[in-house]
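Per-entry structural report
One letter stands for each residue in the lines below.
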Amino acid sequence: MSRSPSFTVKTELSPKLNPESLQQWVVAFCIIRFDLEQGQLIEECYPPDCLTQDEELEIALSSFPDSVSQHQNRSSIHDCIFFFRFRRRGDSQLANVSSSENTAVDKELSPKNMDIRNLRRSNTRNNNKASRYMYGYVFNRQRHDERLKRGGEQKSVVILSLSPYSSVFKPLLQIMGPLYFDIGKKALEHIAAYVSMWPAPVPGQLMELPIGNAMLKVSLPPAHSLPLKSGMFFEESVSFMAPLLPNNQSVPQGLFHDSDIFGTFRGLLLQLWVLWELLLIVGSPTISNQPNLAARSSSGKIAVRSQAFGLQQLSLKRFSPSNLLSAVKLRRDGPLCLMTEHKEAIWSTYAATTKPDTSILNRLIDAGMSPRVEESMSLVNNEILRRHFLELTTNFLAPFGPYFRSKTPSEGSSPFVDPPPLSPFNADEFLASLSARGPGKFLSKRMKSNWMDLYRRFLKGANFMPWFQRRRAVAEQEQHKLWRQARMKTDIQQFISKMSELEIVDSFNAIERHLLEELQLQQSGRASADSASSCQKLKGDLRTVFSVLPKDMQQLLLFNPQRAALLQGSSELTKLPGRPLVQVGVVSSTSPR
């Protein structure tokens with residue numbers, strides 16, 4: 001979205017800033033100036049005093065592009081937008097811990113030493129202490145002027161957030177950046193006031209966010225694609241994201257779904273498949289995962305190869321003088337050419353398994369030199385590339401599908417018992433089974449004969465276990481949902497007439513457990529919309545099962561006050577075939593025997 005020509009900000013109509021609401025979206029707005037004597041400096045920060053000195057330094061150093069544009073006229077103005085991210089200093093101790101092991105390590109500030117500056121920082125930390133990263137969204141302006149020292153100047157307008165919402169902050173920058181260079185610091189105050197009036201972000205939803213007389217219509221990334229929060233245990237994060245998983249592939253699936261892939265990688269299109277593989281395998285295996293997935297050699301020792309960032313160690317079987325010279329030349333030429341010219345390239349010793357798909361590349365449209373045509377054609381090209389890599393990723397992950405398959409109660413079986421566990425996963429058995437049946441038609445056309453190596457690297461990499469556990473937990477929740485729905489539809493009397501006394505007691509205990517779980521969800525505020533009707537159904541089923549139990553068993557069960565409360569208040573008479581007539585609710589733990 002470009003800045004609307006009719007966009008205006010009137011002081012008398014601007015809303016008042018709501019600091020707490022603002023923090024749901026934005027930590028701060030900053031202006032960074034490049035000073036020829038002192039380097040990068042934070043010129044303005046709004047709201048003031050909300051960043052630590054370490055954060056200010058990190059932001060200042062990250063808010064300028066790598067080089068001044070050389071493709072513009074010397075007297076022109078060149079604008080660009082880019083994003084950056086850095087790990088928050090208080091979370092650095094979690095850098096080498098897998099996502100399933102993250103724990104919150106936050107320290108409260110002492111009230112005795114808390115001044116206004118610390119109070120603002122403390123509020124920001126307390127409201128957003130679970131976020132591991134700070135995200136910066138930058139509008140940079142380079143102005144070329146031969147009269148100035150070094151031929152020009154540059155400033156950056158930066159939006160800082162704890163959320164990776166590029167779909168929101170990119171169009172906001174396109175409004176805010178030019179506005180700042182028009183009216184100055186007031187732009188920060190006005191934009192902050194409008195943002196503080198926005199509703200709370202809802203992951204995976206299309207939202208309309210007013211900004212002055214403009215309206216941003218944006219899709220937020222779904223919850224399951226957001227990074228795990230350091231203050232949240234893995235199980236909690238899964239329960240938060242599972243109900244929000246999209247069932248529609250048209251919903252954006254990633255954090256940067258609106259980024260211009262074609263424009264960014266236009267000079268490296270043949271290398272996209274290398275980058276895709278590196279993303280699958282993005283760093284060293286975690287310590288917790290490595291021993292479990294490593295293969296044992298004939299001597300019984302665990303053989304582990306270092307493949308950090310996809311860099312393979314030299315193997316004696318592959319060694320040759322020509323290979324050695326090529327590797328040395330590659331390491332030498334890469335840094336040297338960057339010192340003498342601007343060149344887009346990827347230097348890596350990683351050998352990709354996936355072959356570039358020329359049919360996809362041939363479908364991409366070359367827009368020529370027209371900026372307007374190029375922008376519209378980039379949309380088409382981006383869609384082609386996204387669909388291809390979505391299909392490629394889906395087919396690559398398809399062999400893991402059976403481990404996420406939810407099971408429904410079989411016909412005639414009781415849905416009140418616990419559902420069976422999902423299929424257990426064993427890396428060695430998975431690889432052996434996959435090797436026997438092959439990669440499938442789609443991948444076999446696009447991968448080399450060593451396609452199994454990519455799966456081995458994926459299993460050993462840092463991405464596999466967090467992804468697998470998330471998908472696993474979501475599948476378990478889906479299975480729980482299916483069995484819950486089955487319990488709502490089941491006529492308990494049909495099952496009781498066919499049960500033995502022991503099975504009836506087991507059913508009573510199972511129904512009671514499900515009922516207590518629903519009540520606990522209601523008390524915690526996490527219950528679903530139909531929780532009340534579910535509780536009513538389970539209470540009725542519990543009383544029905546209770547009514548057919550022997551009298552002495554009923555009295556024994558009612559010695560538990562909580563159980564007695566669940567059964568209290570019903571004077572229904574229940575008569576089942578082949579069972580004695582029993583009145584429910586008239587027996588209590590205090591009744592004379």
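A few points on the structure. Since the model is a prediction, treat every value here as computed from it, not as a measurement.

Below, the discussion takes up the overall build of the chain. Across its full length, the chain holds 21 helices and 11 strands. Surface summary for the chain: the accessible area is close to 33,700 Å², and the carbon and sulfur share equals 53%.

This part is about the pattern of salt bridges. Overall, the coordinates contain 13 salt bridges when judged by the stated rule. Note that glutamate 518 is salt-bridged to arginine 484, the shortest N-O span being 2.5 Å. Highlighted residues: glutamate 518 in helix H18 (residues 501–524) and arginine 484 in helix H16 (residues 464–489), separated in sequence by 34 residues. For the pair glutamate 518 and arginine 484, a shared accessibility class is recorded, and that class is buried.

Pairing is antiparallel in the open sheet, where 5 strands are placed in the order E2-E1-E5-E4-E3. Strands with a single pairing partner mark the edges of an open sheet, and in this sheet they are strand E2 (39–46) and strand E3 (77–87). Shown here is a sheet whose adjacent strand axes are inclined to one another by a mean of 25 degrees, direction ignored. The pairing of strand E1 (residues 28–35) with E2 spans 7 bridges and is antiparallel.

Now for the packing of helix H13 (residues 427–437) against helix H15 (residues 451–460). At a minimum axis separation of 11 Å, H13 and H15 run at an interaxial angle of 160 degrees. The angle between H13 and H15 falls in the class roughly antiparallel. For the pair H13 and H15, the sense of crossing is right-handed. In contact with Ala427, Phe430, Leu431, Leu434 and Ser435 of H13, H15 contributes Trp451, Met452, Tyr455, Arg456 and Leu459.

Here H18 spans 35 Å end to end across 24 residues, near enough to the 34 Å set by a 1.5 Å rise per residue. Among the residues making up H18, those that are buried are Ile504, Val505, Ser507, Phe508, Ala510, Ile511, Glu512, His514, Leu515 and Glu518. In the core, the buried residues of H18 are packed alongside H16, helix H17 (492–496), helix H19 (531–547), helix H20 (551–557) and helix H21 (561–567). Once H18 finishes, glycine 525 follows within two positions and takes phi at roughly 80 degrees, a positive value.

Time to look at the pairing of strand E4 (residues 133–144). Among the 12 residues of E4, 11 are classified as buried, and the element is accordingly described as predominantly covered. Note: E3 against E4, 11 bridges, orientation antiparallel. Paired with phenylalanine 84 across the bridge in E4 is glycine 136. Bridging between E4 and strand E5 (residues 152–161) involves 10 bridges; their strand directions are antiparallel. Residue pairing in the sheet places arginine 141 in a bridge with lysine 155 of E5.

Within this structure, the stated rule accounts for 34 aromatic pairs. Here phenylalanine 404 and phenylalanine 468 contribute two aromatic rings whose centre-to-centre distance is 5.3 Å and whose plane-to-plane angle is 55 degrees, an arrangement assigned as tilted. With a gap of 64 residues between them, phenylalanine 404 in the loop between helix H12 (371–397) and H13 and phenylalanine 468 in helix H16 connect regions that are remote in the sequence. When its relative accessible area of 10% is taken as the criterion, phenylalanine 404 is described as buried. A cation over a ring is seen here: arginine 141 above phenylalanine 181, with NZ or CZ 4.5 Å from the ring centre.

About the cut-offs
- Residues numbered from 1 in each chain as written.
- Predicted model: local features only at pLDDT ≥ 70, side-chain atom pairs only at ≥ 80, totals over all residues.
- Heavy atoms only, no water.
- Helix = DSSP H or I, 4+ residues; strand = E, 2+ residues; numbered from the N terminus.
- Areas by Shrake-Rupley, 256 points an atom, 1.4 Å probe, with all protein chains shown as cover.
- Salt bridge = Lys/Arg side-chain N within 4 Å of Asp/Glu carboxyl O.
- Buried < 20%, exposed > 50% of the residue type's maximum accessible area, 1.4 Å probe, protein only.
- Pairing = 2+ DSSP bridges.
- Axes fitted to C-alpha atoms, helices over the stretch in contact; angles between N-to-C directions.
- Parallel < 35°, antiparallel > 145°, perpendicular 65-115°, else oblique.
- Left-handed = near helix turned anticlockwise from the far one by under 90°.
- Contact = heavy atoms within 4.5 Å.
- Expected span 1.5 Å × (residues − 1).
- Phe/Tyr/Trp six-rings, centres within 6.5 Å; stacked < 30°, edge-to-face > 60°.
- Lys NZ or Arg CZ within 6 Å of the ring centre and 35° of its normal.

Geometry only, nothing functional implied.
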